[in-house]
There are 2 protein chains.
Amino acid sequence: MRVLGVDPGLTRCGVGVVEGRPGRPCTLIDYTVVRSDPGDDLAHRLLNLDLALTELVARHRPDAVAVERVFSQHNVRTVMGTAQASAVAILAGARAGLPVQSYTPSEVKAAVTGSGTADKAQVTAMVTRLLRLDAPPRPADAADALALAICHVWRGGIKSKLAAATAAAVAGRNGGRL
Amino acid sequence: MRVLGVDPGLTRCGVGVVEGRPGRPCTLIDYTVVRSDPGDDLAHRLLNLDLALTELVARHRPDAVAVERVFSQHNVRTVMGTAQASAVAILAGARAGLPVQSYTPSEVKAAVTGSGTADKAQVTAMVTRLLRLDAPPRPADAADALALAICHVWRGGIKSKLAAATAAAVAGRNGGRL
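Note that the coordinates shown come from a computational prediction; the quantities given were computed from them, not determined experimentally. (Residues numbered from 1 in each chain as written. Chains lettered and ligands numbered in written order. Predicted model: local features only at pLDDT ≥ 70, side-chain atom pairs only at ≥ 80, totals over all residues. Heavy atoms only, no water.)

(A) Summary view of the packing of helix H4 (residues 120–130) of chain B against helix H5 (residues 141–154) of chain B. All names here are of chain B. At a minimum axis separation of 9 Å, H4 and H5 run at an interaxial angle of 60°. In terms of axis orientation, H4 runs oblique to H5. In terms of crossing hand, the pair formed by H4 and H5 is left-handed. Of the residues in H5, those touching H4 at Lys120, Val123, Thr124, Val127 and Leu130 are Ala143, Asp144, Leu146, Ala147, Ile150 and Trp154. Among the residues forming the contact of H4 with H5, the class breakdown is eight nonpolar, one polar and two charged. (Axes fitted to C-alpha atoms, helices over the stretch in contact; angles between N-to-C directions. Helix = DSSP H or I, 4+ residues; strand = E, 2+ residues; numbered from the N terminus. Parallel < 35°, antiparallel > 145°, perpendicular 65-115°, else oblique. Left-handed = near helix turned anticlockwise from the far one by under 90°. Contact = heavy atoms within 4.5 Å. Nonpolar A, V, L, I, M, F, W, Y, C, P; charged D, E, K, R; others polar.)

(B) The pattern of salt bridges, seen in detail. All names here are of chain A. Per the counting criterion, the structure on display carries 14 salt bridges over all chains. Among the ionic pairs, glutamate 19 bridges to arginine 2, the shortest N-O distance being 2.8 Å. A residue pair is termed long-range when its members are at least 10 positions apart, and glutamate 19 in strand E2 (residues 12–19) and arginine 2 in strand E1 (residues 2–7) qualify at 17 residues. On the basis of relative accessibility, which here comes to 32%, the residue glutamate 19 falls in the partly exposed class. Aspartate 30 is the salt-bridge partner of arginine 59, the closest N and O atoms lying 3.6 Å from each other. A residue pair is termed long-range when its members are at least 10 positions apart, and arginine 59 in helix H1 (residues 42–60) and aspartate 30 in strand E3 (residues 27–35) qualify at 29 residues. Given the relative accessible area of 48%, arginine 59 is considered partly exposed. Here the salt bridges do not stand alone but share partners, grouping Asp30, Glu55 and Arg59 into one network. (Salt bridge = Lys/Arg side-chain N within 4 Å of Asp/Glu carboxyl O. Buried < 20%, exposed > 50% of the residue type's maximum accessible area, 1.4 Å probe, protein only.)

(C) Molecular detail of the confidence of the model for chain A. Here chain A averages 89 in pLDDT, and 85% of its residues register 70 or above. Across chain A, E1(A) holds the top mean pLDDT of 98, while helix H6 (residues 158–173) of chain A sits lowest at 59. (pLDDT = per-residue confidence, 0-100.)

(D) Looking closely at the sheet that holds strand E5 (residues 100–103) of chain A. All names here are of chain A. One open sheet accounts for five strands, arranged E3-E2-E1-E4-E5; its pairing is mixed. The sheet is open, and its two edges are formed by E3 and E5, each paired on a single side. Here the strands of the sheet are splayed against their neighbours by 20° on average, with no regard to which way each runs. Where strand E4 (residues 64–68) lies against E5, four bridges are found, and the strand directions are parallel. Paired with glutamate 68 across the strands is tyrosine 103, a residue of E5. Each of E1, E2, E3, E4 and E5 touches helix H5 (residues 141–154); the most contacted strand, E2, lies at about 40° to it. (Pairing = 2+ DSSP bridges.)

(E) Up close: the UniProt feature "binding site: Mg(2+) 1" (unreviewed entry) in chain A. Residues and elements named next belong to chain A. Per the UniProt record, "binding site: Mg(2+) 1" (unreviewed entry) is found at Asp7 and Asp141. These annotated residues cover 135 residues of sequence, and their C-alpha atoms lie no more than 7.7 Å from one another, placing them together at a single site. One can find aspartate 7 in strand E1. For aspartate 7, a relative accessible area of 14% translates into the label buried. Discounting residues that sit within four places of it in the chain, aspartate 7 has contacts with Arg12, Cys13, Gly14, Glu68, Asp141, Asp144, Ala145 and Leu148. Inspection of the secondary structure puts aspartate 141 in helix H5. Contact partners of aspartate 141, with chain neighbours within four places excluded, come to Asp7, Arg12, Gly14 and Val33. Separated by 2.9 Å, the side chains of aspartate 141 and arginine 12 make a polar contact. (UniProt positions renumbered as here; feature names shortened; annotations may be inferred. Polar contact = N/O pair within 3.5 Å; in protein donor to acceptor, adjacent residues only side chain to side chain.)

(F) Here's a closer look at the sheet that holds strand E4 (residues 64–68) of chain B. Residue and element names in this part refer to chain B. Spatially, five strands are ordered E3-E2-E1-E4-E5 in an open sheet, and the strand pairing comes out mixed. Looking along the sheet, the strands with just one partner apiece sit at the ends: strand E3 (27–35) and strand E5 (100–103). Each neighbouring strand pair of the sheet contributes to a mean axis angle of 20°, computed without reference to strand direction. Note that strand E1 (residues 2–7) and E4 share four bridges and pair parallel. Along E4, the bridge assignment pairs valine 6 with valine 67. Contacts between helix H1 (residues 42–60) and the sheet are confined to E1, strand E2 (12–19) and E3, with E3 contributing the most and set at about 165° to the helix.

(G) Broad picture of unusual backbone geometry. All names here are of chain A. Note that the residue after arginine 138, namely proline 139, is joined by a cis bond; omega there is -5°. With respect to the helices and strands, proline 139 occurs in the loop between helix H4 (120–130) and H5. Even without glycine at this site, arginine 132 takes up a positive phi of about 50°. The residue arginine 132 is located in the loop between H4 and H5 in this model.

Shown next as structure tokens:
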């Protein structure tokens, strides 16, 4: 399965695409960082990000999109931009008809390093090793997005299947109302 | 000018459309509340909201979209959903090529009631009076969206013209890079 991972951010949004199967090594397809200028109008920034992510989804035709879940522990001002960027990323997947799954930072860290409290350097080192790259991904923001994509491949899309089943059950309970 | 105002929310998103000119009474065109079930998958909820807002923009063909600016003072968990809904609303306007302007709750309250600290009942009462409605808008969530739209009409889109000029200046300074 091919997975497009997104580490959401308004100023720097990491995107990583990998292909693989649960329990097998993954292959790197692509990675990039979508940037926008903090001085720009918010509508321009969100539209830019939407165009870039929609184009990446169309180009790489992933089977699923994995997005890092936004947490409230951070600086509240930053969290709002990150929440807005994550909405754009989730929409880019959903509009393409793809399953979209969120993972917490600790789930991603645990998947690629074995520890939910691993630091950024450890995650980057493991992503570099797992994808058999000659050097760590540059810019570094892309490493987290690749880790997210690897995490989703290895979990075999299980969470998204559960989510789909739950959504179907909820829809049934509500008489099909979305 | 015709303005579509959005009071963003994931569970209840108020939308109001009015037409008018600065300093003149506004006319009500439409209002509604887009709802989603908190038990549903986030991707479904955002996609639903995107489809609904995109359809409303296409149907009413406003000249501008006004969205309430999300504030960090509230409960952080709620703020993240509101921030994500606001991103969907801003994108729906930007994707249609429309100017999108944000207003703080106090700017909106000041515009329609004369006081930045007016309560919800006062805003609803003034919206009802200003649009010459026989009864307050139901559901009440729509009143804030209508107040936003009235606020934008009365400010004559001045803020969005300033924003566009600033954006153009920034783009020029950066050699046209967005």
